[in-house]
Amino acid sequence: MREAYRGKLAVENRNPLLTHFRVGDEIVLKDYNAEVKEQAKEKDRSLRNMAMKEVQTQMIVSHLAKQFKQNTNGILDETPDVIPCFILERKDANPDDPILMMEVALTGTFEKYLVNDGSATKQGLETEHGKICLAFAHWTFEYTEEALVVTDLQGVKLRLTDVEVSTKEKGYFGIGNLGSDAIATFKDKHVCNDVCKSLGLKNAQGEAVVAKSKFKM
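Residues numbered from 1 in each chain as written. Predicted model: local features only at pLDDT ≥ 70, side-chain atom pairs only at ≥ 80, totals over all residues. Heavy atoms only, no water.

As annotated in an unreviewed UniProt entry, the protein is Alpha-type protein kinase domain-containing protein from Desmophyllum pertusum.

**Some points on the overall build of the protein**
Secondary structure summary: the protein contains 6 helices and 10 strands in total. Across the 217 residues that make up the protein, the buried fraction comes to 46%. When contacts within the protein are restricted to residue pairs at least 6 apart in sequence, long-range pairs at least 24 apart make up 59% of them. Of the roughly 12,200 Å² that the protein leaves accessible, carbon and sulfur atoms contribute 50%. (Helix = DSSP H or I, 4+ residues; strand = E, 2+ residues; numbered from the N terminus. Buried < 20%, exposed > 50% of the residue type's maximum accessible area, 1.4 Å probe, protein only. Contact = heavy atoms within 4.5 Å. Areas by Shrake-Rupley, 256 points an atom, 1.4 Å probe, with all protein chains shown as cover.)

**Overview of the nonpolar core**
Counting residues in hydrophobic clusters, the biggest one holds 32 residues, and the most contacted among them are Val61, Phe136, Ala137, Val150, Leu153 and Leu160. Broken down by secondary-structure element, the contributors of at least two residues to this core are α2 (47-71), β6 (110-114), α4 (128-143), β7 (148-151), α5 (179-189) and α6 (194-198). With 8 residues, the single largest contributor to this core is α4. Setting aside its immediate chain neighbours within four residues, Phe136 contacts Val61, Leu64, Ala65, Phe68, Pro80, Val150 and Leu153. Of all hydrophobic cores here, the second largest spans 10 residues; its members include Tyr32, Leu47, Met50 and Ile99. (Core = buried A, V, L, I, M, F, W, Y, C linked by side-chain atoms within 4.5 Å.)

**With respect to the layout of surface pockets**
Size it by volume and the largest pocket reaches roughly 350 Å³. Within the residue set of the lining of the largest pocket, elements represented by two or more residues are α2 and α5. Ranked by residues supplied to the lining of the largest pocket, first place goes to α2 with 3 residues. Here the residues of the lining of the largest pocket are counted per class, giving 5 nonpolar, 8 polar and 5 charged. (1 Å grid on protein atoms, 1.4 Å probe; cavity = no way out; pocket = protein on both sides within 12 Å on 5 of 7 lines; lining within 4 Å. Points joined across faces, edges and corners; volume = space filled by probe spheres on them. Nonpolar A, V, L, I, M, F, W, Y, C, P; charged D, E, K, R; others polar.)

**Here's the deal with the sheet that holds strand β3 (residues 81-82)**
If you walk across this open sheet you meet the 4 strands as β3-β9-β8-β6, and the pairing is mixed. Every interior strand has two partners, whereas the edge strands, β3 and β6, have only one. Strands β6, β8 (153-156) and β9 (159-160) of the sheet are contacted by α4, whose axis makes an angle of about 40° with β6. (Pairing = 2+ DSSP bridges. Axes fitted to C-alpha atoms, helices over the stretch in contact; angles between N-to-C directions.)

**Details of the pattern of salt bridges**
Side chains that carry opposite charge are capable of pairing whenever their charged atoms lie near each other. Following the criterion strictly, the structure yields 11 salt bridges and no others. Notably, a salt bridge pairs Arg6 with Glu26, separated by 3.1 Å at the nearest N-O pair. Here Arg6 is found in strand β1 (residues 2-8), whereas its partner Glu26 is found in strand β2 (residues 26-32), with 20 residues between them in sequence. In this structure, a network of salt bridges that share partners links the residues Arg2, Lys30, Glu54, Glu103 and Asp162. (Salt bridge = Lys/Arg side-chain N within 4 Å of Asp/Glu carboxyl O.)

**What to know about α2**
For α2, built from 25 residues, the straight-helix expectation of 36 Å at 1.5 Å per residue is met to within 8% by its first-to-last C-alpha distance of 36 Å. Structurally, the start of α2 carries an N-cap: the backbone nitrogen of Arg48 is 3.3 Å from a side-chain oxygen of Ser46. (Expected span 1.5 Å × (residues − 1). Polar contact = N/O pair within 3.5 Å; in protein donor to acceptor, adjacent residues only side chain to side chain.)

**Considering the sheet that holds β1**
The antiparallel open sheet is built from 4 strands, whose spatial order is β1-β2-β5-β4. Taken across any chain shown, the strands that pair with only one partner, and hence form the sheet edges, are β1 and β4 (86-89). The sheet shows a mean angle of 30° between the axes of neighbouring strands, taken without regard to direction. Across 4 bridges, the pairing between β2 and strand β5 (residues 99-104) is antiparallel. Bridge assignment links Lys30 to a residue of β5, and that residue is Met101.

**Overview of the packing of aromatic side chains**
Tallied over the full model, the rule gives 5 aromatic pairs. Summarising the aromatic geometry, the rings of Phe68 and Phe136 are spaced 5.3 Å apart at their centres and angled 50° between planes, so their arrangement reads as tilted. Placement of the pair is Phe68 in helix α2 and Phe136 in helix α4, with a sequence separation of 68 residues. (Phe/Tyr/Trp six-rings, centres within 6.5 Å; stacked < 30°, edge-to-face > 60°.)

Here's what the structure looks like:
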């Protein structure tokens, strides 16, 4: 869906809102690939609006991750952290295609724990970081009363990027929102791991796995 370019920030950041970046920082610039741009053109979609929804998605999942951390009551030593993403507008670019997305580059082994369609990967099922991420997805499903589930959980250890959200109601988030199909897949295929159980989450069918949840709703 996107093409990514890795580099270093070469000029001083003068924007007080972009405190995450310093000269010499490794960054990643992301651009929609030709196929997505062509589809957007055919459907009369604004690339700027699409990018805005992608950034908003990461912001919302970041907020959910902070809520998850707070509601675990210290049971977990580590919880997911979604890195911030920003929009750049190229002043000398094609006016129909001026947008890039920028974020801090992640260093280390990149792994995917949960696919966009709601199904877990081998890394999600077998690694400690993967189990935490799957429990986080489970928590969002339960916390929102099955209204949504976070998907496409991927990154380096628990530092996540390019996350998505699937919702029952249409019209929210970006093109990665696979809607009720992804929610149904997650609900059908998710098997509670030790992290889910330690947090007192219910299984996907709504039955308590262990004692009543201690989360602060």
